[in-house]
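Listed below are the residues making up each chain.
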Amino acid sequence: MTLPLIVDDRGALQVAAADVSKLLRTVGARWLRLVEAGEQGLDEDTVAALTIELAKLADRIDVACIAHSSGAP
């Protein structure tokens, strides 16, 4: 099931919500791996906070998709 997240002015799907959710989680995981690898210039607390916020956003997108597919208002 695809819930349109980003559409053009004609209503054509440009990016599926599931793809955006996956991208957000992937970016957060990549940042964490960089911190764990000792990448210079990355503040561990900041990366952790940003990763949590990305995961929260991805969760909201996922919940909206579930609600949409179940017919919930």
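Everything below is about the structure printed above this text.
**Some remarks on the packing of helix α1 (residues 17-36) against helix α2 (residues 44-70)**
Any two packed helices are characterised by the angle at which their axes cross and by the distance between the axes.
Thought 1: Across the interface, α1 lies against α2 with an axial gap of 9 Å and an inter-helix angle of 165 degrees. Classified by the interaxial angle, the pair formed by α1 and α2 is roughly antiparallel. For the pair α1 and α2, the crossing hand works out as left-handed. For the pair formed by α1 and α2, the contact residues are Ala-17, Val-20, Ser-21, Leu-24, Arg-25, Val-27, Gly-28, Trp-31, Leu-32 and Val-35 on the first element and Glu-44, Val-47, Leu-50, Thr-51, Leu-54, Ala-55, Leu-57, Ala-58, Asp-59, Ile-61, Asp-62 and Cys-65 on the second.

**Here's the deal with the nonpolar core**
Thought 1: Formed by Ala-17, Val-20, Leu-24, Leu-54, Ala-58, Ile-61 and Cys-65, the largest nonpolar core amounts to seven residues.
Thought 2: For this core, the secondary structure elements donating two or more residues are α1 and α2.
Thought 3: Broken down by element, the residue count for this core peaks at four residues, all from α2.
Thought 4: Leave out the neighbours within four places in its chain, and Ala-58 touches Ser-21, Leu-24 and Arg-25.

**Observations regarding α2**
Thought 1: Taking 1.5 Å per residue as the helical rise, α2 with its 27 residues ought to reach 39 Å, and the 39 Å between its terminal C-alpha atoms agrees with that figure.
Thought 2: Burial in α2 covers these residues: Val-47, Thr-51, Leu-54, Ala-58, Ile-61 and Cys-65.
Thought 3: At the exit of α2 stands Gly-71, carrying a positive phi of roughly 80 degrees.

How each quantity is defined
Residues numbered from 1 in each chain as written. Predicted model: local features only at pLDDT ≥ 70, side-chain atom pairs only at ≥ 80, totals over all residues. Heavy atoms only, no water. Axes fitted to C-alpha atoms, helices over the stretch in contact; angles between N-to-C directions. Helix = DSSP H or I, 4+ residues; strand = E, 2+ residues; numbered from the N terminus. Parallel < 35°, antiparallel > 145°, perpendicular 65-115°, else oblique. Left-handed = near helix turned anticlockwise from the far one by under 90°. Contact = heavy atoms within 4.5 Å. Core = buried A, V, L, I, M, F, W, Y, C linked by side-chain atoms within 4.5 Å. Buried < 20%, exposed > 50% of the residue type's maximum accessible area, 1.4 Å probe, protein only. Expected span 1.5 Å × (residues − 1).

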